[in-house]
Amino acid sequence: MATPDSSGGAFDLAKWINGLVAHWGSVAVAVVAAAVIAKFIFNSTVGRRKLPPGPAPWPILGNIASLAGLPHRSLEKLARKYGSLMYLRLGEVPCIVISSADVAKQLFKTHDILFSNRPGGCFFEQLTEYRNITASRYGPHWRHLRKTCVHELFTQKRLEAYQATRLEEISISIKELFEESDKKGPVDLHAWLHRLLFNNLTRVIMNNRYFGTDEKGMKDAMDFNNVTALMFSQAGDVVISDFLPYLGFLTRLQGKPLLYRKTREIVLEMMRRMTNFDERKKLHAEGRSTGEPEDFVDVLLSSTLSDGTTPLPDDICLMLLMDVLVAGTDTSATTVEWTITELLRHPEAYKRVREELNSVVGSDQLVKEEHLEHLPYLNAVLQESFRLHPATPLGLPRESSEAFEFLGYSLPAGTRLFVNQWAIHRDPAVYEQPEEFNPERFLGREALKFIGDTQFQLVPFGSGRRNCAGLPMAVIVIPLVLAHLLHSVEFSLPDGQQPKDLDMTETFGVAAPKASPLMIYATPRESAALY
Ligand code: HEM
């Protein structure tokens, strides 16, 4: 995840694979001894099934090496050879990779519930006990948390209630952007977006603008970023028993469970401090209010477990808030950063989107949320950006809860699913000249809804009942921030850099931001005087 101070903190699959290779010597003896057992287990579970095509696996490690580099790109290349339903084995874990809209549609039509499960793993087990929304197994607990998100947190009513707050946060941030650019020179746009989007969320979560530019605000930001960097770095650790489960004893010998348990304590403590949780809990117990509008903390303090009576335990409240902050910030910042980068490289599209803003909004008022549905070209630009640069190119992994049949193949329970958005969004059968940035291809199509994309051709928010829980907020906040930037900011590149020279490669992590952040000067346009 590329945060202002923690760009190295992302879950980095490439690092994971390199780590696996580096650790190989120390586990080699145990692995060889276990190989015989593995072969036996493998033969008795998946070995006799009819499996989809895929590259031949190596002994023990299976196809882990196939993910080297940027996994979404490596898998897209493989899919060209093996097809849009491909089988891989990561260690002993059976996986399918889907690389076309058509196959995704068929899978979710028939197997949505079966694949509404997330896989386990030592790190997430210790960190979350599978009690948060993102890692929770499919079942009554997850359904209950999801219902809380849909019916309590991301409701239309609450989104409307925070309209003025969002506008205020954007205004403050844009002023900070001009100031930073003027005083310090080119601004790291991703870091600035991260701060804006994080504060926008903390205002809804706990009525507080958390990351400030003063000393305390900077320290809070650094603390948060350090803890998330620790979390993501550990999420990328080599835990060999996650892929070769019979080597669990090695994981325990390495002390991993204890280490991750400690991280859990650190995360919970940080979230407790950030949200002023104990004080809020006390007020709630006394039936008193903070005097501020109801925020997410209030909602969770009034919520129960799925039994309808037990109050939601502290750790679940705090982890859910953490989920929302982590899932909602970098993904959105990455999307806006890519969109501005593409527009800089495509002056015709840039001009057209600004003309649309000038004619719909004008220069005597700021962009408001009601303008968004009258900005078809801006929506098309955003859809094209989501297509070419999905923030989570492989989505979040899913796991089948049972054995299943699909398209004539027979797969075991515990099959991991990767929906390769990168490949789906570049399918030449669906998109003409798929590598071209061409917003016009989305004109005339329904504006950003995604929930309704029954064709599965554009799936940046995932698919089925376990898709992105924050979607209702994302589809307002992202176009709004983008519209404000395009309407009020003049961007220019430093040191005579030309747009065509901008680095367009991404890194792989929780989100896939630009490998080198967009450094840019920001000066006010006419309408910026209104902030
Ligand atoms: C560009 C913006 C975003 C993108 C591309 C994105 C993408 C995703 C994806 C692909 C998933 C996994 C879905 C699946 O398994 O099919 C997901 C899950 C999730 N997202 Fe987002 N997301 C974004 C913004 C947000 C925001 C703003 C929030 C909250 C404020 C949020 C909260 C969540 C949560 C809580 C989950 C876990 C859902 C579950 O497991 O039930 N996301 N997101």
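Starting from 1, residues in each chain are numbered consecutively following that chain's sequence as written. Note on the predicted model: pLDDT of at least 70 is required for a residue's local features to be given, and 80 or more for side-chain atom pairs to be given and counted; whole-chain, interface and lining totals, by contrast, use all residues. The basis for the side-chain values is all heavy atoms of the structure; hydrogens and waters are excluded.

- The name an unreviewed UniProt entry gives the protein chain is Cytochrome P450, with Physcomitrium patens as the organism.
- Quoted verbatim from the Subcellular location (unreviewed entry) heading of the UniProt record, the comment on the protein chain is "Membrane".
- UniProt positions are given in the numbering used here, feature names are shortened, and annotations may be inferred rather than shown by experiment. Regarding the protein chain, the relevant UniProt record gives this comment under Cofactor (unreviewed entry): "heme".

### Structural notes on the sheet that holds strand β3 (residues 187–188)
Part 1 of the reasoning: Each pair of strands is called paired provided DSSP finds at least two bridges between the two strands. Each helix is a run of DSSP H or I of at least 4 residues and each strand a run of E of at least 2, with the numbering of both proceeding from the N terminus. Pairing is antiparallel across the open sheet formed by 3 strands, whose spatial order is β3-β9-β8. Edge positions in the open sheet fall to β3 and β8 (489–492), since each of these has one partner strand only.

### A few points about the coordination of the iron atom of the ligand
Part 1 of the reasoning: Note on donors: an N, O or S atom is included if it sits within 2.8 Å of the metal, or within 3.2 Å for Na, K and Ca, and water is never included, so sites can look incomplete. If you check the protein contacts of the iron atom of the ligand, you find one donor only, C468 (SG), at 2.3 Å.
Part 2 of the reasoning: Looking at where C468 falls in the secondary structure, it is placed in the loop between α17 (421–424) and α18 (471–488).

### Brief notes about the UniProt feature "binding site: heme" (unreviewed entry) in the protein chain
Part 1 of the reasoning: Mapped onto this numbering, the UniProt entry gives "binding site: heme" (unreviewed entry) at C468.
Part 2 of the reasoning: Relative accessibility under 20% of the residue-type maximum defines a buried residue, over 50% an exposed one, and the middle range a partly exposed one, all with a 1.4 Å probe and only protein chains included. Taking the relative accessible area as the measure of exposure, C468 reaches 29% and is therefore partly exposed.

### A word on the site of the ligand
Part 1 of the reasoning: Near the ligand there are 31 residues, and of these R118, W142, R398, R466 and C468 occur at the shortest range.
Part 2 of the reasoning: Under the rule applied, a polar contact is a pair of N or O atoms within 3.5 Å (in protein, one hydrogen donor and one hydrogen acceptor; residues adjacent in sequence only if both atoms are side-chain atoms). Here R398 contributes a side-chain N or O atom positioned 2.6 Å from an oxygen atom of the ligand.
Part 3 of the reasoning: Between the ligand and R466 there is a distance of 2.9 Å, counted from an oxygen atom to a side-chain nitrogen or oxygen.
Part 4 of the reasoning: Contributing elements (two or more residues each) for the shell around the ligand: α5 (140–153), α14 (314–345) and α18.
Part 5 of the reasoning: A total of 6 residues in the shell around the ligand trace back to one element, the largest contributor, which is α14.
Part 6 of the reasoning: Three residue categories are used. Nonpolar comprises Ala, Val, Leu, Ile, Met, Phe, Trp, Tyr, Cys and Pro, charged comprises Asp, Glu, Lys and Arg, and polar comprises the others, including Gly. Partitioned by chemical class, the residues of the shell around the ligand number 16 nonpolar, 11 polar and 4 charged. Residues are counted as near a molecule or strand when any one of their heavy atoms sits within 4 Å of it.

### Some words on unusual backbone geometry
Part 1 of the reasoning: In this structure, N207 takes a positive phi of about 50° despite not being glycine.
Part 2 of the reasoning: Within the element layout of this structure, N207 appears in the loop between α8 (189–206) and α9 (215–235).
Part 3 of the reasoning: Here the phi dihedral of D495 falls at roughly 55°; this positive angle occurs in a residue that is not glycine.
Part 4 of the reasoning: The topology assignment puts D495 in the loop between β8 and β9 (519–524).
Part 5 of the reasoning: When its relative accessible area of 80% is taken as the criterion, D495 is described as exposed.

### Notes on the packing of helix α15 (residues 347–360) against α18
Part 1 of the reasoning: Only the stretch in contact is used when fitting a helix axis, every axis being a line fitted to C-alpha atoms; angles between N-to-C directions are given from 0 to 180 degrees. Contact geometry for α15 and α18: axes closest at 10 Å, N-to-C directions at 95°. As the angle between them shows, α15 and α18 are arranged roughly perpendicular. Note on element contacts: α18 touches α15 through A483, L486 and H487, opposite Y350, V353, R354 and L357.
Part 2 of the reasoning: Taken together, the residues that form the contact of α15 with α18 break down as 5 nonpolar, 1 polar and 1 charged. To sort the angles, those under 35 degrees are grouped as roughly parallel, those over 145 as roughly antiparallel, those from 65 to 115 as roughly perpendicular, and the leftovers as oblique. Any pair of residues with heavy atoms lying within 4.5 Å of one another is described as a contacting pair.

### Observations regarding the pattern of salt bridges
Part 1 of the reasoning: In what follows, salt bridge is the name for a side-chain nitrogen of Lys or Arg lying within 4 Å of a carboxyl oxygen of Asp or Glu. Across all of its chains, the model carries 37 salt bridges by this definition.
Part 2 of the reasoning: One salt bridge connects D315 with R264, and the closest N-O pair in it is separated by 2.8 Å. One end of the pair, D315, is in helix α14; the other, R264, is in helix α11 (residues 256–275), with 51 residues separating them in the sequence.
Part 3 of the reasoning: A relative accessible area of 14% means that D315 is categorised as buried.
Part 4 of the reasoning: Taking the relative accessible area as the measure of exposure, R264 reaches 5% and is therefore buried.
Part 5 of the reasoning: Among the salt bridges present, the one from R387 reaches E384, with a minimum N-O distance of 2.8 Å. Taken together, the positions of R387 and E384, both in helix α16 (residues 376–388) and 3 residues apart, correspond to about one turn of that helix. Across the pair, exposure class does not vary: R387 and E384 are buried alike.
Part 6 of the reasoning: A single salt-bridge network, built from bridges that share partners, covers E129, R131, R261, R264 and D315.

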